[in-house]
Amino acid sequence: SDPNVMNWTYYNSVYSTPDFQRLWGLMAYLNQRGIINGLVPKFGGPAALWLGGLSLTPGYENEYAEQTASALIYARNTLHLQFSAVVPVNEPDWHDSGVQMTGPAQYVTVMRDLGQQLDARGMSDVRFCGPELAWTSTDWLAAMMGDAYLMSKVAWFGLHSYQDLSYDSTGVYDFIRQSAYPNSRFWMTEFGVWCWSCQGTAGDGSWAYARGTASALLEHLANGASPGIVWDGYDSPPLRNNA
């Protein structure tokens, strides 16, 4: 009933289930291998049905932030896992692979609420990557830049692009350099060649697909992106049978 008061009896029961134990185990393993700054938890999929399911219901931004904050707080304070950045929302401009937002303003509200939730619980060191758009647009970056508090939390901007499906990274670098935050970096946190024959991006094993992927990487780097993560089945977990 109050997004600022967490029901830890409930959350502890959720985060001790086998599915979450696998997540915590993977994070612990990476920590043991010395990976801390490179460990970036990413939240995808829809919200709880009472929050709107595929699309976040306006007015529930702080509740959604509480849900995300609770997982990070449990990981840090209960299991002592180490990480310094997080992707709180995946593709908020789309309704399939993450909870859809009404637009940049709602996204900024969620991110601000999450930052404040973490600040209040001693995790002000955790920074964010976003907006992780399915359809690259500087409008969302501009909205983020309009909130000085949120920008103090941004580690880097994250964008997605697939050849033959969505927009590329043209113009993003120039937009950032001409903004009030010219030293900000952007990552292509998902990129690749869209594979229509395999219903997504897992690739078809052909040289043409591999060549297209390499070409896309060079294009994004030429456009000023810092790193790029090939999605999926390569740099990402094998989510599909043919990955």
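Basis of the calculations
Residues numbered from 1 in each chain as written. Predicted model: local features only at pLDDT ≥ 70, side-chain atom pairs only at ≥ 80, totals over all residues. Heavy atoms only, no water. pLDDT = per-residue confidence, 0-100. Contact = heavy atoms within 4.5 Å. Salt bridge = Lys/Arg side-chain N within 4 Å of Asp/Glu carboxyl O. Helix = DSSP H or I, 4+ residues; strand = E, 2+ residues; numbered from the N terminus. Buried < 20%, exposed > 50% of the residue type's maximum accessible area, 1.4 Å probe, protein only. Core = buried A, V, L, I, M, F, W, Y, C linked by side-chain atoms within 4.5 Å. Pairing = 2+ DSSP bridges. Right-handed = clockwise from strand over helix to strand, strands pointing away.

### So, the confidence of the model for the protein
On average, residues of the protein score 90 in pLDDT, and 92% of them are at 70 or above. A low-confidence stretch, residues 237-243 (pLDDT under 50), is modelled with 16 contacts involving residues beyond four sequence positions or located in other chains.

### Re the pattern of salt bridges
Applying the stated criterion to the full structure yields six salt bridges. Taking the shortest distance from any N to any O, the salt bridge between arginine 112 and aspartate 147 comes out at 2.8 Å. One end of the pair, arginine 112, is in helix 4 (residues 104-119); the other, aspartate 147, is in the loop between helix 5 (138-145) and helix 6 (148-153), and 35 residues separate them in sequence. We classify arginine 112 as partly exposed; its relative accessible area is 28%. Judged by relative accessible area, which is 12%, aspartate 147 ranks as buried. Taken together, the salt bridges that share partners define one network made up of Lys42, Glu132 and Glu190.

### Side note on the nonpolar core
Judged by nonpolar contacts, the single largest core of 50 residues is most densely connected at Tyr64, Phe83, Met101, Leu118, Met144, Phe157 and Phe186. The element best represented in this core is helix 3 (residues 61-78), accounting for eight residues. Excluding its chain neighbours within four sequence positions, the residues that come into contact with phenylalanine 83 are Met27, Ile36, Leu39, Pro41, Leu72, Ala75, Arg76, Met123, Asp125 and Val126. Grouped together as the second largest cluster of nonpolar side chains are six residues, Val87, Ala155, Trp156 and Trp187 included.

### Side note on the sheet that holds strand 2 (residues 127-133)
Spatially, 1-2-3-4-5 is the arrangement adopted by the five strands of the open sheet, whose pairing is parallel. At either end of the open sheet lies a strand with only one pairing partner, and these are strand 1 (85-86) and strand 5 (228-230). Relative to strand 3 (residues 154-163), strand 2 is paired through five bridges, and the arrangement is parallel. Looking at the pairing, proline 131 lines up with glycine 158 of strand 3.

### Comments concerning the pairing of strand 3
With nine of ten residues buried, strand 3 is to be regarded as a mostly interior element. With helix 7 (residues 172-177) bridging strand 3 and its parallel neighbour strand 4 (residues 186-193), the resulting β-α-β unit is right-handed.

### Here we look at the environment of methionine 6
Looking at where methionine 6 falls in the secondary structure, it is placed in the segment before helix 1 (8-15). Residue methionine 6 is classed as buried on the basis of its relative accessible area, which comes to 10%. Linking methionine 6 and glutamate 66, residues 60 residues apart in sequence, is a C-alpha distance of 7.6 Å. Residues in contact with methionine 6, not counting those within four places in the same chain, are Tyr11, Glu66, Ala69, Ser70, Ile73, Gln117 and Arg121.

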